[in-house]
Amino acid sequence: MKTKEYFAPLLKWWWLILIAMLVGGGSAYLATRPLPWVYEAHSTLVIGRFLFSLNPTQDELYLSQQLAQTYADIADREPVRNATMKALGINALPDFEARPLANGPFMEISVTYTDPVVAQAVANELARQLILLSPASLQQSDDAGSSAFVQEQLKDVQDKINRTKTEIKKKQADLATLNSAVLIQQTENELNALDTRLTSLQQIYANMQATMPQSARNQLSIYETADLPVRPVGPNKILIILLAVVGGFVLSALAAYGIEALDTSVKTQEEIVRLLDKPVIGRVAVMPGSGKRLAFVADQPQSGVTEDFRLLRTNLEFFAVDQPQKTLMITSASLGDGKSTVSANLAIMLAMDSNYQQIILVEADFRRPVLAEGLGLEQTVGLSDMISHNLPVREMLIPYPDNPRLKVLPAGTIPPNPTELLLSQRMDHIIEELRGMADKIVFDAPPVTVADASVLAKKVDGVLVVVRPGISSRSAVTAMNEQLKRVGANVLGIVLNTVRGRSTYYATQYNKRKRPGRRKPSELGAETRIEGA
């Protein structure tokens, strides 16, 4: 498969993709246009005294991180929410999130709101209320009297430590002046006792200080207050619109490929040629209007479609140079491919050629005859009656009103056994008799889906198959090819019907060129007069 075939569905359904992208982008624009800008404020809290310790331990860090997750859960509970709303005098809180930070003993409170002032106030108040309602703060409130007593005891112990240090310095000074061994020994004993007392007092002081609130590992405090946000964080309207446009493209592209996957019709000329292994000898464009389609070339002789049939006629003449094709059958893979339209217009176009004295158009489709009515012929008897009742061939032929070189043999009465009629010897005699009457005989045969076409294909010189791109089923075209090969039909080539392209446009414009008017003899130039002489 060629690369361009992969993108063929996108090119074919470009209008659907464009509409989907415009609808997606337009809907996103209308949806995001009234949305207000959103601002986000952040306040940061620190847990414990980890940052203020000169020699922090790994246990302190781990404990602070665990406490940060706990306090983040507490911040989202009703007591903190209600206290914040009461403090700010509001009935509802904007969207906020409390979460521990990945590294360090920190937690962050983020508030999102359309008013940056409100977002800042709520972030700071949430942090303050979380501190007030934290277990450590509540414990401090209950132990306020105990804290004052501990402060007094710390002051007393500190005074004792200072006095002990003074006595140690004095004893050390006295020791330097003593000469008596007894006094020296006594002074050293007293110094040892003072050192022991100092160590004990220092331990007591450290233990008492650890019980103070400012030394607690469960202490929660504000590390950074929320600043007033000046830039909105959302919504990103441009990104939303772009995503909607991309989404429209993706969905419509998938729909295009899905439609093509479900569509089993043949699409391109290359595919049709590959399936039938025959050349394309004619391309008929879409016929404009809703007039006489079976006689379009007669009604619209200057149209591009008529030019398409001229080219088809010319190509058939090239085929007839080495192998004359006097009897020509037109068939198709299925109903609706336009084989009757091609048959009638091709026969009319052949009759327009002065090289042919007589053209006969035979309607051999007994099941769905349309030529007589489509060409405006009133005769109801035809080929089927000729075979069944042995009627004379020449009397059944109807002259075409617009061209005496064309005669039409209608299908006649619809028989119950059309295949048997075409198989009969009488049909062979009729074909031979028609050969002697005309230069070219065009048979409008039924589709190959019925047996009639296979029977007739063996009796004619050549077969043209009509395929309608985008309509003819791939399986039907394949089955037609196999059946015609099976019966040994001489398939000349393919006629593509209702092809959308630009060739018709150019042909139409060329035919519309202004033609020179008839000039008077006095206006003829010298060249014309010489030629006439």
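Residues numbered from 1 in each chain as written. Predicted model: local features only at pLDDT ≥ 70, side-chain atom pairs only at ≥ 80, totals over all residues. Heavy atoms only, no water.

## Some words on the packing of helix α3 (residues 14-32) against helix α10 (residues 237-262)
It is the contact of α3 with α10, at a shortest axis distance of 8 Å, that shows an interaxial angle of 155°. With respect to α10, the element α3 is oriented roughly antiparallel. α3 and α10 meet at a crossing whose hand is right-handed. In this structure, α3 contributes Leu16, Ile17, Ala20, Met21, Gly24, Gly25, Ala28, Tyr29 and Thr32 to the contact, and α10 contributes Lys237, Ile240, Ile241, Ala244, Val245, Gly248, Phe249, Ser252 and Ala253. Looking at the contact of α3 with α10, its residues break down into twelve nonpolar, five polar and one charged. (Axes fitted to C-alpha atoms, helices over the stretch in contact; angles between N-to-C directions. Helix = DSSP H or I, 4+ residues; strand = E, 2+ residues; numbered from the N terminus. Parallel < 35°, antiparallel > 145°, perpendicular 65-115°, else oblique. Left-handed = near helix turned anticlockwise from the far one by under 90°. Contact = heavy atoms within 4.5 Å. Nonpolar A, V, L, I, M, F, W, Y, C, P; charged D, E, K, R; others polar.)

## Quick word on the packing of aromatic side chains
Evaluated as defined, the whole model comprises two aromatic pairs. On the basis of an interplanar angle of 45° and a centroid distance of 5.6 Å, the ring pair of Trp13 and Trp15 is categorised as tilted. For Trp13, a relative accessible area of 17% gives the class buried. Sitting over the face of the ring of Trp37, Lys237 holds its NZ or CZ atom 4.8 Å from the ring centroid. (Phe/Tyr/Trp six-rings, centres within 6.5 Å; stacked < 30°, edge-to-face > 60°. Buried < 20%, exposed > 50% of the residue type's maximum accessible area, 1.4 Å probe, protein only. Lys NZ or Arg CZ within 6 Å of the ring centre and 35° of its normal.)

## A word on unusual backbone geometry
The amide bond that connects Gly234 to the next residue, Pro235, takes the cis arrangement and shows omega of -5°. Its place among the elements puts Pro235 in the loop between β4 (220-224) and α10. Residue Asn390 is not a glycine yet carries a positive backbone phi of 55°. Within the secondary structure layout, Asn390 lies in the loop between α16 (383-389) and α17 (393-396).

From the geometry alone we can't say anything about function, so treat these as descriptive.
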